[in-house]
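Below, each chain spelled out in residue letters.
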Amino acid sequence: MKIWNGIVMAAVALPLLTSAAFAQEDAKLKTLVVAVPSDPVALEPGTNKAEPIGSEIILNVFDTLVAWTAPDFKALEGRLASSWTVSDDGKVFDFKLREGVKFQDGTAFDAAAVKFSLERTKATNPYVKATFDLIKEITVVSPTELKITLSAAYPAFLSILAQPQAGIVSPAAVEKYGDKFASHPVGTGPFAFKSAQADTNVVLEANPAYFRGAPKLSQIIYRVIPDASTRRLELENGGVDIVQQQGQLSAIAAQDIEALKANKDVKVLETSSQIIRQLEFNNSKTDGPFSNVKAREAIAHAIDYDGLLQGVFGGTAERVYGPLTTNSWAFNPKMKELAPKYDPELAKKLLAEAGINPSSLNLKLYSFQGPLWGAVATFVQANLADIGINATIEQTEFPALRTLQTSGQFDVALDGRQPWYNDPDAHITIGYLSSLANTAMTFRMPQDKALDDMILKAQQTPDMEARKQLYFTIQEEIAKRVPGAYLFSPKLIVFARSNVEGLVVNSAPPLNEYWSVSKK
Amino acid sequence: MASFILRRLIALIPVMCIVLVIVFSLVRIIPGDPATTLLGPGATQDQIEALRAQLNLDQPVILQFYHYVVGLFVGDFGYSLKSGQPVAAEILQRLPATIELSVLAVIVAVIVGIPIGVLSATRPNSMFDHVTRLVSLVGVSMPAFLLALVLQLVFATTLGWLPVSGRVSPYLPVEPVTGFAVLDGLLTGNLAGALSAVQHLILPTAVLAAFLAATLGRFVRNTMLDVMGEDFIRTAKAKGLRRRDVVLNHGLRNSLLPAVTIIGLKFAEMLGGAILTETIFAWPGIGRYMFEAIKNRDYPVIQGTTLVFALLFVLTSIIVDVLYGILDPRVRRKMG
């Protein structure tokens, strides 16, 4: 009897389930599922601290005044601004704004909303304090015209305006939700925030009234999957459409990437990043072996750069020739020749000239944690051993490593920087300005008025061509001082199901926009 | 019995206080502060200082402790440094997922483990006994992450029967009512969602249950073999009782006592194992929440989740003691 009950139940339920399955297939083609390792933090410009997942969602829900133009991200284009001019002294920015744009809550976008948003971020977001504090005044000239006056020239300001922290929020929604705005973010972007479930997902739905045209997808689901091997299985199984590497060194090992490249259901999108990883010296130290530039040069010649790229990264990283990556608009092509080449014999000779007996050096090579950093450290260790230097690897948790670095308790360490805005300033100023030596993980440059003046001048020169020339000189000057050995730049890698089309991988910062994406 | 439970509950207070002091100081001894960790390698000292001030981390530790304890009395576990949300609410949000998984795993482990133990004990050294011994050995010694990966590869990737991870299909979202996905699916009339939630439960439950079922199976087998050699079993047999009654009413009942202890202890251990299982299966429970918090040095969350785990641990041991009383009249008399 019971068996019959079961059979009848199943017969009733089956059509229900299959119709659900059909609906599911249709929904699948209009839905993009993106795997992310953790919940986003701060889903709105006023509190966002450049955390990658939240930042990417912001760029899809909100618009900025300007944005970097795909696919090479070397020039700015207008988004909510239709055009702009910069005064000769580089302090005044006049924007013309787009007309007829509406926020997702139906309210109109205008210059007052821009003023409201930027002033709000300036007041609430300590992460952008240094740059937003430069804003002296924001004036609403008319509903479609806006004037921003800075207290000092800062040409990278436009670059900052392209960042998620400078997204334009709906003033009406901020008033409505108050403190809870981050749980109900409202912008003008191609996707509107729908829901978020802790440790599970964030759902965005298409904004059909988007001013650049309705997106092709009807929703985006950010699925939180903390384990890397689970993310890979989900991608291979079709449970997610996109897995991002996000420039993190620990995300997916090179051999996994090879396996995914061989899978015909998956495509691997790669693009150059502006991330730099280096072996750096404690340049503030006036004693010790590396206070002599010859000793630093020796180390730079001891490293087999191409071997590292092929052996450890299997081609998923690129060569870095100096303080800027080759895809930066300010990269000096001469650096390719100036960069030290792998030459262990020369390295030994330089050490001898510096009066250093390599076997007397017992170096502690500090590094971040994680298997890939471990592999890099081991590779460098072997290179150093080839010229007779004994180095022990100390992989340290990030906060402890930061303390070691900022307090200067090291001779050599592995380190890196991911610029959070697309401008040479993001690498050069923080990395090499001597007055900032102890304030972050930097090259700890010693007092050097000539170099400091040049860096500050480049930071403030409004004319882009003049600025570029200044950065060219700065790169050569820094190279002469050999503050470190530039090891590699990891590529940004995005794994997508082969039916995902129209995705352009954004390089700086690595935050993708899904407006143009569709599924076949 | 009631006064026994009350006494045990009162004894809970000093235990929780000690746990609180230990956790509060331990999380602060781990090097690295939350502001540094949250902002990542690119941040400058100014940015870190600004965030520290925003999170009140610049206050003296004693003051932080005082505020925390005062807050606890009114059910305030503080705010997560990462999300800025109240910790108590975040824990409550995630608790159903963990309870769903662990309670189901215990039930499965008991349903599978005990009969296997009984059958093995009644046929010692038979083929069945040898096979279950081997399987149990694998179950006990295989690390959870490896078992999880094997199950994902076999049942999700190769056979395509079950989903790899998650709690419910993203295309069939279940409206949260109680927080228990299967139940919520049924309550909101979302049958497909409920079914999807059941499918998603199978693999993580299997991983969590495997260890307990294997331990339990071997344990019941061994204690039962001992019990079956006792005089009263011979007496029972001599009275002419049916074999089934001898095994179940006399043998099993007397072997269950130590098994209950094992279930209690292992249940608490399983909550720890849930950290790994929840991470691998992207299961939104408190184990994974705690793991993330440790990585981020999210002090209030580490404290809050540890207190919850400690509470579950102690409550489990009280339940075990009460079950002892129910199963064994001698213990019941002592409890008063």
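Before reading on, note that the structure itself is shown above.
Residues numbered from 1 in each chain as written. Chains lettered and ligands numbered in written order. Predicted model: local features only at pLDDT ≥ 70, side-chain atom pairs only at ≥ 80, totals over all residues. Heavy atoms only, no water.

Lay out the overall build of chain A with the relevant residues and their values.
Broken down by element type, chain A carries 17 helices and 21 strands. Taken over the C-alpha trace, chain A has a radius of gyration of 26 Å; the compact-globule value for 520 residues is 24 Å, and the two agree within 12%. Oriented by its inertia axes, the alpha-carbon framework of chain A measures out at about 90 × 70 × 35 Å. Residue burial in chain A is summarised as follows: out of 520 residues, 56% are buried. When contacts within chain A are restricted to residue pairs at least 6 apart in sequence, long-range pairs at least 24 apart make up 69% of them. Across chain A, the centroid of the 51 positively charged side chains sits 1 Å from that of the 57 negatively charged ones. (Helix = DSSP H or I, 4+ residues; strand = E, 2+ residues; numbered from the N terminus. Rg over C-alpha atoms; globule rule 2.2 N^0.38 Å. Buried < 20%, exposed > 50% of the residue type's maximum accessible area, 1.4 Å probe, protein only. Contact = heavy atoms within 4.5 Å. Lys, Arg positive; Asp, Glu negative; His and termini not counted. Charge placed at Lys NZ, Arg CZ, Asp CG, Glu CD.)

Give me the lowdown on the sheet that holds strand E4 (residues 81–86) of chain A, citing residues and values where you can.
Residue and element names in this part refer to chain A. The antiparallel open sheet is built from 4 strands, whose spatial order is E4-E5-E7-E6. Edge strands, defined here as strands with exactly one partner in the open sheet, are E4 and strand E6 (135–142). The sheet shows a mean angle of 20° between the axes of neighbouring strands, taken without regard to direction. Pairing of E4 with strand E5 (residues 92–97) involves 5 bridges; the strand directions are antiparallel. Counted as the bridge partner of valine 86 is phenylalanine 93 from E5. Most of the contacts of helix H3 (residues 111–124) go to E6, to which it runs at about 165°, and overall it touches E5, E6 and strand E7 (145–150). (Pairing = 2+ DSSP bridges. Axes fitted to C-alpha atoms, helices over the stretch in contact; angles between N-to-C directions.)

Which residues make up the interface of chain A and chain B, and what values do they have?
The interface is formed by 43 residues belonging to chain A together with 44 residues belonging to chain B. Buried area between chain A and chain B, summed over both chains or domains, comes out near 3700 Å², and the portion from carbon and sulfur atoms is 60%. When the buried surface of chain A facing chain B is broken down by residue, Tyr127(A), Asp199(A) and Leu233(A) rank first, second and third, together holding 15% of it. Taken together, the links from chain A to chain B amount to 4 salt bridges. The residue Arg297(B) makes a salt bridge to Glu397(A) at a minimum N-O spacing of 2.8 Å. Where chain A touches chain B, the interface holds 10 residue pairs in polar contact (both at pLDDT 80 or more). (Buried area = accessible area lost by both parts, 1.4 Å probe. Salt bridge = Lys/Arg side-chain N within 4 Å of Asp/Glu carboxyl O. Polar contact = N/O pair within 3.5 Å; in protein donor to acceptor, adjacent residues only side chain to side chain.)

Hey, could you go over the pairing of strand E16 (residues 390–395) of chain A for me, with residue numbers and the actual values?
Residue and element names in this part refer to chain A. Strand direction decides the pairing type here: strand E15 (residues 362–367) and E16, joined by 6 bridges, are parallel. Looking at E16, one finds that asparagine 362 is bridged to asparagine 390. You can see the chain leave E15, run along helix H13 (residues 371–386) and come back into E16, and the turn it takes is right-handed. (Right-handed = clockwise from strand over helix to strand, strands pointing away.)

Hey, could you go over helix H6 (residues 127–141) of chain B for me, with residue numbers and the actual values?
Residues and elements named next belong to chain B. Under the 1.5 Å per step criterion, the end-to-end length of H6 is 21 Å for 15 residues, consistent within 8% with the ideal 21 Å. Along H6, the residues that are buried comprise Asp129, Thr132, Ser136 and Gly139. Looking straight down H6, one finds that the buried residues subtend no more than 90° of arc, so they occupy a single side. Facing away from the buried side of H6 by more than 90 degrees, the exposed set consists of Met127, Leu134, Leu137 and Ser141. In the core, the buried residues of H6 are packed alongside helix H5 (87–122) and helix H9 (191–228). (Expected span 1.5 Å × (residues − 1). Arc of directions from axis to C-beta.)

Please set out the pattern of salt bridges residue by residue, giving values where relevant.
Residue and element names in this part refer to chain A. All told, the structure shown has 37 salt bridges over all chains when counted by the stated rule. For aspartate 411, the salt bridge identified is with lysine 285, shortest N-O distance 2.9 Å. With a gap of 126 residues between them, aspartate 411 in the loop between helix H14 (398–407) and strand E17 (412–417) and lysine 285 in the loop between strand E13 (276–281) and helix H9 (293–302) connect regions that are remote in the sequence. Judged by relative accessible area, aspartate 411 falls into the partly exposed class, the value being 25%. In this structure, the salt-bridge partner of arginine 481 is glutamate 477, at a minimum N-O distance of 3.0 Å.

Break down the environment of Val108(B) for me, with residues and values.
With respect to the helices, strands and loops of the structure, Val108(B) is situated in helix H5. Taking relative accessible area as the criterion, Val108(B) reaches 32% and is therefore assigned partly exposed.

How would you sum up the nonpolar core? Please name residues and give values.
Residues and elements named next belong to chain A. Counting 143 residues, the largest nonpolar core has Phe95, Ile148, Leu161 and Tyr514 as the members making the most contacts within it. Setting aside anything within four residues of it in sequence, one finds tyrosine 514 in contact with Leu32, Val34, Glu56, Asn60, Phe191, Leu217, Ile220, Tyr222, Ile242, Gln244 and Leu503. Of all hydrophobic cores here, the second largest spans 47 residues; its members include Leu309, Leu363, Leu372 and Phe410. (Core = buried A, V, L, I, M, F, W, Y, C linked by side-chain atoms within 4.5 Å.)

Let's hear about the sheet that holds strand E8 (residues 191–197) of chain A: which residues, and what values?
All names here are of chain A. Taken in spatial order, the 7 strands make up an open sheet running E8-E9-E10-E1-E11-E19-E12, and their pairing is mixed. Where the open sheet ends on each side, the last strands, each with one partner, are E8 and strand E12 (266–271). Put simply, the sheet's adjacent strands are angled 20° from each other on average, direction ignored. Pairing geometry for strand E1 (residues 31–36) and strand E10 (residues 219–224), over 6 bridges, is parallel. Counted as the bridge partner of alanine 35 is arginine 223 from E10. Strands in contact with helix H2 (residues 52–61) are E1, E8, strand E9 (201–206), E10 and strand E11 (242–244); relative to E9, the strand with the most contacts, it is inclined by about 15°.

Residues and numbers for the packing of H5(B) against H6(B), please.
Residue and element names in this part refer to chain B. At a closest axis distance of 8 Å, the pairing of H5 and H6 adopts a crossing angle of 140°. With respect to H6, the element H5 is oriented oblique. Between H5 and H6 lies a crossing whose hand is left-handed. Taking contact as the criterion, the partners of Ile116, Leu119 and Ser120 in H5 are, on H6, Phe128, Asp129 and Thr132. Taken together, the residues of the contact of H5 with H6 break down into 3 nonpolar, 2 polar and 1 charged. (Parallel < 35°, antiparallel > 145°, perpendicular 65-115°, else oblique. Left-handed = near helix turned anticlockwise from the far one by under 90°. Nonpolar A, V, L, I, M, F, W, Y, C, P; charged D, E, K, R; others polar.)

Mind laying out the packing of aromatic side chains, listing which residues take part and the relevant values?
All names here are of chain A. One pass over the full model with this rule turns up 17 aromatic pairs over all chains. An angle of 55° between the planes, with centres 6.0 Å apart, marks the rings of phenylalanine 443 and tyrosine 486 as tilted. Remark: tyrosine 486 occurs in strand E18 (residues 484–490) and phenylalanine 443 occurs in the loop between helix H15 (425–432) and helix H16 (449–460); sequence separation between them is 43 residues. In this structure phenylalanine 443 comes out as buried when scored by relative accessible area, which is 5%. Feature note: the residues Tyr127, Trp420 and Tyr421 constitute an aromatic cluster, connected by ring pairs. The ring of tryptophan 515 is capped by arginine 212, whose NZ or CZ atom sits 4.2 Å from the centre of that ring. (Phe/Tyr/Trp six-rings, centres within 6.5 Å; stacked < 30°, edge-to-face > 60°. Lys NZ or Arg CZ within 6 Å of the ring centre and 35° of its normal.)

So, a nonpolar patch on the surface: which residues are in play, and what are the values?
Nonpolar side chains collect at one region of the surface, where Phe145(B), Leu146(B), Val150(B), Leu153(B), Val154(B), Leu159(B), Trp161(B) and Leu276(B) lie side by side and expose about 700 Å² of accessible area between them. Looking at which element gives the most residues to the nonpolar patch, the answer is helix H7 (residues 144–158) of chain B, with 5 residues. (Patch = residues over 30% accessible without salt bridge, like charges linked within 9 Å, V, L, I, M, F, W, Y side chains within 5 Å. Areas by Shrake-Rupley, 256 points an atom, 1.4 Å probe, with all protein chains shown as cover.)

Describe unusual backbone geometry, listing the residues and the values that go with them.
Each neighbour pair has its own omega, and for Ala70(A) with Pro71(A) the value is 0°, a cis peptide bond. Here Pro71(A) is to be found in the loop between strand E2 (66–68) and strand E3 (76–78). A positive phi is found at Asp199(A), a non-glycine position, where the angle reads about 60°. Among the secondary structure elements, Asp199(A) is positioned in the loop between E8 and E9. For Asp199(A), a relative accessible area of 7% gives the class buried. Although it is not a glycine, Asn125(B) adopts a positive phi angle of roughly 65°. Along the chain, the position of Asn125(B) falls in the loop between H5 and H6.

Purely geometric numbers; function is a separate question.
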